[in-house]
Each structure stands twice: as C-alpha cells, then as structure tokens.
Amino acid sequence: MEKTVHFETLGCRLNHDESEGAARAFVLNGFNADMEEVTARTSLSEQVILSVINTCTVTGKAEQKARRIIRLLLEKFPAAPIIVTGCYAELDSDEIKNLCPDRIVIIPGPKKYLLSLLAHEMSHGGLLDAWDGRFDFNSLTHFIDSELSKTHNGLNPFSLFTPVFEKHSRGSIKIQDGCNCSCTFCRIHLARGKSLSLDADTLIRRIQEMEKLGLKEAVLTGVNLSQYSSSYMDEKINFARLINLILQKTDDISLRISSLYPQSVNDELCRILESPRVQPFFHLSIQSGSDEILRKMNRPHSVAQVEEAIESLRKVKDNPFISCDIIAGFPGEGEAEFGMTQSLVEKSRFAWIHAFPFSPRPGTPAKDMRPQVPEREKGFRVRWLTEMAVRGKIDYIREWKGRTLSAIVENSRTQRIFGVQKIHAVTENFLHVECPLPDFGKNIPAPGSRVSVCIGEPLEDSIRGGREIECAGQISFS
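Residues numbered from 1 in each chain as written. Predicted model: local features only at pLDDT ≥ 70, side-chain atom pairs only at ≥ 80, totals over all residues. Heavy atoms only, no water.

Chemist: Tell me about the overall build of the protein, residues and numbers included.
Modeler: Check the secondary structure of the protein and you find 15 helices and 21 strands. A globule of 478 residues ought to have a C-alpha radius of gyration of about 23 Å, and the protein, at 23 Å, matches this closely. For the protein, the spread of C-alpha atoms along the three principal axes comes to 65 × 65 × 55 Å. Expressed as a percentage of its 478 residues, the buried residues of the protein come to 55%. Put simply, 74% of the contacts in the protein that link residues at least 6 apart link residues at least 24 apart. Accessible area of the protein: about 21,000 Å², with a carbon and sulfur share of 49%. With 59 positive and 62 negative side-chain charges, the protein shows a spacing of 2 Å between the two charge centroids. (Helix = DSSP H or I, 4+ residues; strand = E, 2+ residues; numbered from the N terminus. Rg over C-alpha atoms; globule rule 2.2 N^0.38 Å. Buried < 20%, exposed > 50% of the residue type's maximum accessible area, 1.4 Å probe, protein only. Contact = heavy atoms within 4.5 Å. Areas by Shrake-Rupley, 256 points an atom, 1.4 Å probe, with all protein chains shown as cover. Lys, Arg positive; Asp, Glu negative; His and termini not counted. Charge placed at Lys NZ, Arg CZ, Asp CG, Glu CD.)

Here it is, written out as structure tokens:
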C-alpha cells in the first residue's frame, strides 16, 4: 500500500515555503506528499497515514478555517493522526487538541522543523506498524514530546528548505523569521518571536542550488524582510545588500520580494531594485491611511513614508504591480480616519488591496482598545476597499494589454476546455494569465519554464469571483 502524507497550509507565503520543505523531507524518505486541499467532496482515503496542517493566527477567521479543515481531515482520512503546527498551534494548542485528543498532535510553530526528523523516524524507526504501515498514536506522541524536550538537535527555524517544490512552479526561500515590531493588533510576533535571519552564506548556496536545478524564480519570504541582518566575508548584510549579493552570486534566476515595509524603501534598496532580475512586483504592508490610526497600531511608518515608497517604486520599474494590506475598522477609526485611507487608496492606484476587517486577537493591546467599530461598519469599509481592489486590478491589466511580458508556467492550469488546450502562466509583474496553447505538438512548456505572454483582456467576472486567473493572453516560447 502506498503511504501518503497529506499537507494543508493556511496563511502567508512563509507558511507555504515551510510546508514545501516538510513535504520534501517526507518524499526523500520514501513517502508520497499530497498537497491538494481537502474539501467536502474529497473521497475517503485509507492511503493517507498522516495529515499535517500548518496554521495561521492572523485573524479569527483564519483560526476558524483551521478548525474546519481539521474536522475534514478527521473525517476524510480516518486512519491518519493529525499534526497541527504553525502560529495558531503555537498560541492555542489546548483549544486545538480538544477537537480530538486521541488523534491530534501539536508541534508548536517555532518547532515545525521537527517534521523533517519525523519523516526520517517514520522511514527508519519504529513509529509505523510493520504489518499495515499505520501509526501507533502513543508512539507518535512520545516521539514528538521527546524531541520537543530537547534543547538542541542540530536543527533551526531555517531547516525546512527545499530546492524542489511539490505544489508550486515558482521557488521560494525563507530568509527571515519573527519580528521585532510590536503592532498592537498582531499575534504573529507572539507566535514566531524575535527576528531571526538565515546566514547569508547558506542563503547564497541554497539559491545557487535552486538555479542549478532549473528554477527560474525565487521568492524571498519572511515575516519582516526589512529586519534581515547577517554578515558575509566580514561585511554586514542588510536586506538591500543581500539582494545585491544574490544578484552577484547567481546568473539568471529572477528574484521576487514577498512583502516590504514602506519605511524600508530607501535609496539604497531602490538602486538595487532597478536590476532587471528583480521582478516588478511589490507588496506593501500599509494597514491604514491615517497617521493617528498608524500610531495606535504602533506601526513603524507614517502615511508620508507610504506615499514616498510608492513614488520611489514607480521610478525604478516600468509600471510595477503594487499591492497592499489594509485593516478596516481598527478601534478609534471614525469616518474621518477611514476617509484618509480612502484618499490614499484613490491617489495610489494600487493594483490590488488585501482588505481585512479588524479582528480583535487574544493577547494583543488592540483587543481592549475603545471605541470598537461595529461589525456592520467594518463590512461596509471592507466592501469599499474590495471594490477598489477589483477596479485597480482591471485598470492595471488594461494598461498592459497588447504588451508582451516574461512569465513562468504554472503547474495547475493545463487543461482542455471545449477541445482547446489552455495553460496558466504568471507574468513577471504577477498577472495570472490563461492562454490557449498553440499546436506545438509534443513541445508543451513544462511547469516552471519561462515563456513570453502577450496580455489580453482582463477577466472581470473571474477577478470579482476571487478566482486565480485574471486575464486572457497569448503564449509563445521566449
């Protein structure tokens, strides 16, 4: 019988990178890694011998979704224990464990690297029954508890690295973890701790390995990339110098930055971002257009710094994709303060906005701040921001219509619709394009390969529906 380990991942790109690293560890130890999301339509499977869910705690809805998925995993994979890790598991382990104490094992978020040890132990140790390949739950629990009690096992938060990806066609690499900021609404710094950085020498070797294996793009991920700090050849390395070092030590691989804090977009960074190998996509962690609300949030930037960052990024790239995060309905955000956010959004012409209603999180100062904004009003504000996000993306795609961009072929959208084979590619400026595939015979571009795409019309219904494909296009080999 095939032995399959099923993975579910919620939340940020960093979580997805860590899950990919864990999945690779199991594959290298002889197991199948299943990373397709479980749904109510998923068939029951006896082949799944272990489920792993990497959780998020950024909002109450993220935790609610984690609990729903855990219940689905219990139902769909009845022979499989469930390991719950990630930020939610770090902060609320008892709540999760109580969902099913005899099948759930908790690995705290900062210790999720223990999954690589578990993969080895399952393959070479005595955790699986020799007859049917199933877990003895008590043995699994004992192994995890024993490893958690150790002060040192040679692993660290950057151990879950993979140069080969099970689910994603574009590579990513975790370069930083934790955060030294203390935003009043945020639990992430409580779950992940203070800022840590992968040493520059190891980072360079890992990206070189990714490039050698043919990956065309690496996404640099972390909780707060502006806090990256290391050294290389006796030189202190900040985030800007790190990008420059990567460019010097590699030949062709493109770099994409997962997220930036506005105050980190300075002259030093912008000079390096001009490189054609840095993708013209920038996501800014903004949260509000009101300085008063930013102060209450304890954010490390001002509205003026947001505007300066946007202006600077548009100077270093030709019409880059600029997106942002905004929280609607933070305590004390009245109509005037939200009006300032609306003015910032209208002036900035974002290509996308990730809009969230304020979610009071346990253990954070903002939970007890007053006055709280009514849920109905939060909903109105999120809907306005979402409509601006949709308009922004449609307008941005139209600005690129008829132009040709470099793109990476995804691995999930090659299909036949009405007899026409189509392919899904992601452009350098992060547009998800669906293209009819010309008759190349057997020469079909593989997932992860680089192609050229001519941008067509935006697919408005798809954008409004929250689907991944955003526009039509025509594909050719570059």
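Chemist: Explain the environment of D94 to me, using residue names and the numbers behind them.
Modeler: For D94, the location among the structural elements is in helix α4 (residues 93–97). Here D94 falls in the exposed class, since its relative accessible area comes to 58%. Sequence spacing of D94 and I106 is twelve residues, and the spatial spacing of their C-alpha atoms is 8.9 Å.

Chemist: Any chance you could break down the pattern of salt bridges for me, citing the residues and the numbers?
Modeler: Throughout the structure, instances matching the rule amount to 28 salt bridges. For K76, the salt bridge goes to E75, with nearest N and O atoms at 3.7 Å. The class of K76 is buried, set by a relative accessible area of 6%. On the basis of relative accessible area, E75 is assigned to the partly exposed category, the value being 45%. With a closest N to O distance of 2.6 Å, R295 and E292 form a salt bridge. Of the two residues, R295 and E292 are both situated in helix α11 (residues 291–297); the distance of three residues between them amounts to about one turn of the helix. The network of salt bridges with common partners includes E18, K112, K174, D177 and R192. (Salt bridge = Lys/Arg side-chain N within 4 Å of Asp/Glu carboxyl O.)

Chemist: Which residues make up the pairing of strand β1 (residues 4–9), and what are the values?
Modeler: Two faces belong to every sheet, and in a regular strand the side chains alternate between them. Across the six residues of β1, six count as buried, placing the element largely inside the fold. On β1, burial covers both faces: T4, H6 and E8 on one face and V5, F7 and T9 on the other are all buried. Where β1 meets strand β3 (residues 48–55), six bridges bridge the pair, whose relative direction is parallel. Looking across to β3, one finds that H6 is bridged to S51. Remark: the β1/helix α1 (residues 13–28)/strand β2 (residues 32–34) crossover connection has right-handed handedness. (Pairing = 2+ DSSP bridges. Right-handed = clockwise from strand over helix to strand, strands pointing away.)

Chemist: Got a sec to walk through the sheet that holds strand β15 (residues 352–357)? Specific residues and values, please.
Modeler: One open sheet holds the three strands; their spatial order is β13-β14-β15, and the pairing between them is parallel. Whereas interior strands pair on both sides, the edge strands pair on one side only; in this sheet they are β13 (281–287) and β15. Taking the axes of each pair of neighbouring strands and ignoring which way they run, one obtains an average angle of 15° across the sheet. Across six bridges, the pairing between strand β14 (residues 321–328) and β15 is parallel. Residue pairing in the sheet places I327 in a bridge with F356 of β15. Running at roughly 170° to β15, helix α14 (residues 375–400) makes contact with β14 and β15 of the sheet. (Axes fitted to C-alpha atoms, helices over the stretch in contact; angles between N-to-C directions.)

Chemist: Let's hear about the nonpolar core: which residues, and what values?
Modeler: F239 and I243 are the most contacted members of the largest nonpolar core, which has 98 residues in total. It is α14 that contributes the most residues to this core, nine residues altogether. Every residue in contact with I243, bar those within four places of it in the chain, is listed here: L220, L255, I257, L269, I272, L273 and V278. In terms of nonpolar packing, the next biggest core, distinct from the first, is built from 28 residues, V5, F26, L127 and I144 among them. (Core = buried A, V, L, I, M, F, W, Y, C linked by side-chain atoms within 4.5 Å.)

Chemist: Outline helix α8 (residues 200–212), listing residues and values.
Modeler: Between the first and last C-alpha of α8 there are 18 Å, a value that for 13 residues agrees with the 18 Å anticipated at 1.5 Å per step. Turning to α8, the residues buried within the fold contact β6 (171–174), β9 (217–221), β10 (230–232) and α9 (239–249). A positive backbone phi angle near 100° is found at G214, which sits one or two residues after α8. (Expected span 1.5 Å × (residues − 1).)

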